[in-house]
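Each chain, written out:
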Amino acid sequence: MGPLEYVLAGIAEAFLANPALTIGPVVISWAVLMVVAGFFAGVIIGATPGLSGPFGMAMALPILISAFGFTPDALLPVMGFLVGIMKGATLGGAVPAILFNTPGTPDAFMTALDGHPMARNGQGGKALRVAQFSSVSGDTFSDLVLFTCAPFLAITIEKFLGLPEKAALMVLSLSFVAAVVGKHPAKGILAASFGFVVAAIGTGADSYPRLTLGIDDLASGFPTIAVFVGVLIIGEVFASFDTLWRNRIGGKAVPRVELGDRSLSWKERRMLMPFIGVSMVIGSVIGSLPGIGSTLAAALGYTAGRKMHKGEVKFGEGAPQGIAATEAANSAVSGSNLIPALSLGIPGNVAAVFIILAADTIGGFNPGPSVFKFTTDAVNSELVIAFGLFTLMMTANIVNWFTGASFMRLLGGLIRIPAQILLPTVLLLTLTSTYVQVGSMFGIYVTLGFGIIGYLMRLANVPILPMVIAFILAAPLENAVRNAFEASGSDPWFMLQSPVGLTFLALSMVMLAMSGRLQDRKDSSISDK
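A quick note: this is a predicted structure, and the numbers were derived from the prediction, not measured. (Residues numbered from 1 in each chain as written. Predicted model: local features only at pLDDT ≥ 70, side-chain atom pairs only at ≥ 80, totals over all residues. Heavy atoms only, no water.)

### Digging into the overall build of the protein chain
- Broken down by element type, the protein chain carries 21 helices and four strands.
- Burial status across the protein chain gives 54% buried among its 529 residues.
- Of the contacts formed within the protein chain by residues at least 6 apart in sequence, a portion of 78% connects residues at least 24 apart.
- When the accessible surface of the protein chain is totalled, it reaches about 22200 Å², and 66% of it is carbon and sulfur. (Helix = DSSP H or I, 4+ residues; strand = E, 2+ residues; numbered from the N terminus. Buried < 20%, exposed > 50% of the residue type's maximum accessible area, 1.4 Å probe, protein only. Contact = heavy atoms within 4.5 Å. Areas by Shrake-Rupley, 256 points an atom, 1.4 Å probe, with all protein chains shown as cover.)

Below is the structure:
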C-alpha cells in the first residue's frame, strides 16, 4: 500500500468500520458518534467550574473500555471520544471566563481579561463567537501540523536512532519535562523520580516481584488507571475541598450577563486573522515541546497580540483581538501536543497521557516510530488507525466550526452550580468509573491513596505532570535499556558509545543545569500581560 492508500484506508476505518447506525446507503460509525459526543461533553465539562478536560477523560476512559471491550474495533471509538473531550473542553473553558469572569485555568484568565469587559458592555455573544472562531482556527491549524510532522518525525527517528539512542531520547524528554514544569525544577526531578519508583513496584522482566512487600495484589503493580485518576483528579478534588473549608465559600449568586450582539461579520473575522495567525503558530510550536502546556502558549500569544494591536480599544479593556490571540494560542497546543505522543510514544501533556493509556489498555496500537511505517508488502494496521484518528480529529473540528458557537451560548447556567454539590458528584463519578475498570476494591483503595498523595504534592507545590509522565514512560524506558544492554554485549557504557545518544544525555544535563533560567523566563512571560 502506498501513502494515499493508507490515508484512504484510515478515512474508511473512521467512517465505515464498526457501524452504529445505517440509514439506507448512509453508514454512521461508532467512531464518528463518539467523537461528536465527546466534543459536546467536553464543552460542557470545560464550561463547568471545577472541571477540566483531563477530569472528563479520566472519568470516561474506564467506562468506555468496559463498554467497547479490548478488541481493535474499540480503539477509534474510545480515542475519538477522548479527543472530542480534549477539544471541547478547551473551547468550553471560555464560557465562564467571558460571561462571569470566573476562569478555571490560567489561560482562560487571559481570555477573561478582554472577554468579560465585552460581556459587561453587552457584547457577550460576540465575545463567545470570537473565542469559538479563534479556538477552532488554532485547533485546525495545529491538527494539520500534527498530520504533517508526526509521520516525518517518526520515520526520521526510526531510520537514524537505535535502542541506545531511543533510551537516551526518553531520558532527555523526562529531563525537559522535569525542568520546565512547576516553579522549582528540583521538585520536578523529585516528582519524576517518584513516578519511576511507583512504576517499579510489581513483577519485573526477570519474573521476580519488586517492592511488593509480599502483597499479592501488588504482584502486577498498581492499576495504571487508579494511579492516574488518583493523582490527577482525586488529588484536585481534595485540594478543592480544602479551599472550600479554608475560605468558607459557597454557591454565591452570579450576576446575569446579557449576550447582546452575537454576530461576527466577515470584516471582523479578517481583522482578527493576523492575531489568530501569529498565535496559532506560537501555540503549535509550544505544544510540540513536552510538558510546557497551554498556559505559556496563551501568555506568549496574548503578549504578541498586544504588541501587534493598534486599535482604539486597548488590550485588557474589551478588545476582541485579545480573546482571539489567547484562544488561538491555547487551542493550537492540543494537536501539536500529540506529535511526540504518537510519533515517539512520549506524552507531552495530561491529555496525551490518556490517549496513550487507552491505546496501551486496549492493545493493537502502540504509539511510537513503528506506527508510521509505510509498508508495501503488508498492511500496517497501526498506520491505518493513526490516519483514522487524524480523520476523527478533523471531524471534531468540523463539528466545532458549525455548532461550537451555538452550543457555547447554552451553557452559561452551569456556572451557577454550587461547589458543595459539584465536588462530591465529581468524587463519586470518578470512583465509580475507576471501580468499573479495575473491578475490585483494591483499585478504589489505590485511587484514594494516590489522591492523598496528589493532594499533598499540590500543597507542597510539587508538579504532578513529571510524576505521571515518568510513570507511563518507565516500562518503555526499562525495555529499551534492557534490549540495548543485551544488544551491546552487556556493555555498561552502551549509552555513551553512540554520538547521538551521548548528545542526548549531554543535553539532558544542560537542560537540568539551566532549568532555573528557563523557569525564570517562563514566569516572566506569564506575568507580562
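Moving on from the model shown.
### Section: helix α3 (residues 53-68)
- The end-to-end C-alpha separation of α3 is 21 Å, in line with the 22 Å expected for 16 residues at 1.5 Å each.
- For α3, the principal kink sits at Ala-60 and spans about 30°; a proline, Pro-62, occurs within the next four residues.
- Regarding α3, the residues found buried are Gly-53, Phe-55, Gly-56, Met-57, Ala-58, Met-59, Ala-60, Leu-61, Pro-62, Leu-64 and Ile-65.
- In the stretch just after α3, Gly-69 is the one whose phi turns positive, near 85°. (Expected span 1.5 Å × (residues − 1). Bend = angle between axes of the 7 residues up to and from the residue.)

### Brief notes about the pairing of strand β2 (residues 26-29)
- When strand β1 (residues 19-23) meets β2, the two strands line up antiparallel, connected through four bridges. Within the sheet, the bridge partner assigned to Leu-21 lies in β2 and is Ile-28.
- Once β1 ends, the chain turns through two residues before running back antiparallel as β2, passing Gly-24 with a positive phi of about 65°. (Pairing = 2+ DSSP bridges.)

### Points about the environment of Ala-359
- By the secondary structure assignment, Ala-359 is in helix α15 (residues 350-362).
- On the basis of relative accessibility, which here comes to 0%, the residue Ala-359 falls in the buried class.
- For Ala-359 and Pro-72, which are 287 residues apart along the polypeptide, the C-alpha to C-alpha distance reads 9.5 Å.
- Other than its neighbours up to four places away in sequence, Ala-359 contacts Leu-75, Met-79, Phe-365 and Pro-367.

### Some words on unusual backbone geometry
- The phi angle at Leu-211 is positive, at roughly 60°, despite the residue not being glycine.
- A positive phi angle is found at Asn-461, which is not glycine, with a value near 60°.
- Within the secondary structure layout, Asn-461 lies in the loop between α18 (441-459) and α19 (465-487).

### So, a nonpolar patch on the surface
- A cluster of nonpolar residues, Leu-4, Val-7, Leu-8, Ile-11, Phe-15, Leu-16 and Val-27, forms a patch on the protein surface that exposes about 570 Å² of accessible area.
- Per-element tally for the nonpolar patch: the top contributor is helix α1 (residues 3-15), with five residues.
- Here Leu-16 lies in the loop between α1 and β1.
- Using a relative accessible area of 51% as the deciding quantity, one classes Leu-16 as exposed. (Patch = residues over 30% accessible without salt bridge, like charges linked within 9 Å, V, L, I, M, F, W, Y side chains within 5 Å. Salt bridge = Lys/Arg side-chain N within 4 Å of Asp/Glu carboxyl O.)

### A word on the pattern of salt bridges
- Taken as a whole and assessed by the stated rule, the structure comprises six salt bridges.
- Measuring nitrogen to oxygen at the nearest pair gives 2.7 Å for the salt bridge that ties Asp-139 to Lys-87. One end of the pair, Asp-139, is in helix α7 (residues 124-160); the other, Lys-87, is in helix α4 (residues 75-92), with 52 residues separating them in the sequence.
- Residue classification places Asp-139 among the buried positions, given a relative accessible area of 3%.
- Using a relative accessible area of 2% as the deciding quantity, one classes Lys-87 as buried.
- For Glu-478, the salt bridge identified is with Arg-210, shortest N-O distance 3.0 Å.

### Points about the packing of helix α11 (residues 266-287) against helix α13 (residues 320-336)
- Put simply, α11 and α13 touch, their axes get as near as 7 Å, and they point 30° apart. Here α11 and α13 pass one another in a crossing that is right-handed. Contact residues: Met-271, Leu-272, Phe-275, Ile-276, Ser-279, Met-280, Gly-283, Ser-284 and Gly-287 in α11; Pro-320, Gln-321, Ala-324, Ala-325, Ala-328, Ala-329, Ala-332, Val-333 and Ser-336 in α13.
- Across the contact of α11 with α13, the residue classes break down as twelve nonpolar, six polar and no charged. (Axes fitted to C-alpha atoms, helices over the stretch in contact; angles between N-to-C directions. Left-handed = near helix turned anticlockwise from the far one by under 90°. Nonpolar A, V, L, I, M, F, W, Y, C, P; charged D, E, K, R; others polar.)

### Overview of the packing of α3 against α4
- Running from N to C, α3 and α4 cross one another at 165°; their axes reach a closest spacing of 9 Å. One element, α3, and the other, α4, form an angle in the roughly antiparallel class. α3 and α4 meet at a crossing whose hand is right-handed. For the pair α3 and α4, the contacting residues are Gly-53, Gly-56, Met-57, Ala-60, Leu-61, Leu-64 and Phe-68 in the first and Pro-77, Val-78, Phe-81, Leu-82, Ile-85, Met-86 and Ala-89 in the second.
- In terms of residue class, the contact of α3 with α4 is built from twelve nonpolar, two polar and no charged. (Parallel < 35°, antiparallel > 145°, perpendicular 65-115°, else oblique.)

### With respect to the confidence of the model for the protein chain
- Residues with a pLDDT of 70 or more make up 89% of the protein chain, whose mean pLDDT is 82.
- Note on residues 249-254: pLDDT is under 50 here. Beyond four places in sequence and across chains, it has eight contacts. (pLDDT = per-residue confidence, 0-100.)

### Focus: helix α20 (residues 499-513)
- Its 15 residues give α20 an end-to-end C-alpha distance of 21 Å, which sits within 8% of 21 Å, the value for a rise of 1.5 Å per residue.
- Within α20 the residues assigned to the buried category are Gly-501, Phe-504, Ser-508 and Met-511. Axial view of α20: buried residues confined to an arc of 80°, hence all on one face. Projecting away from the buried face of α20 at angles above 90 degrees are the exposed residues Pro-499, Met-509 and Ala-513. (Arc of directions from axis to C-beta.)

### Focus: the packing of aromatic side chains
- For the coordinates displayed, the defined rule picks out 14 aromatic pairs.
- Arranged with centres 5.1 Å apart and planes meeting at 85°, the rings of Phe-222 and Phe-450 form a pair that is edge-to-face. Within this pair, whereas Phe-222 is found in the loop between β4 (209-210) and α10 (224-247), its partner Phe-450 is found in helix α18, the two being separated by 228 residues in sequence.
- What links up through ring pairs into an aromatic cluster is the set Tyr-6, Phe-147, Phe-372, Phe-374, Phe-387 and Phe-390.
- In this structure, Arg-269 is placed above the aromatic ring of Phe-133, and the distance from its NZ or CZ to the ring centre is 4.8 Å.
- Residue placement shows Arg-269 over the ring face of Trp-266; its charged tip is 5.2 Å from the ring centre. (Phe/Tyr/Trp six-rings, centres within 6.5 Å; stacked < 30°, edge-to-face > 60°. Lys NZ or Arg CZ within 6 Å of the ring centre and 35° of its normal.)

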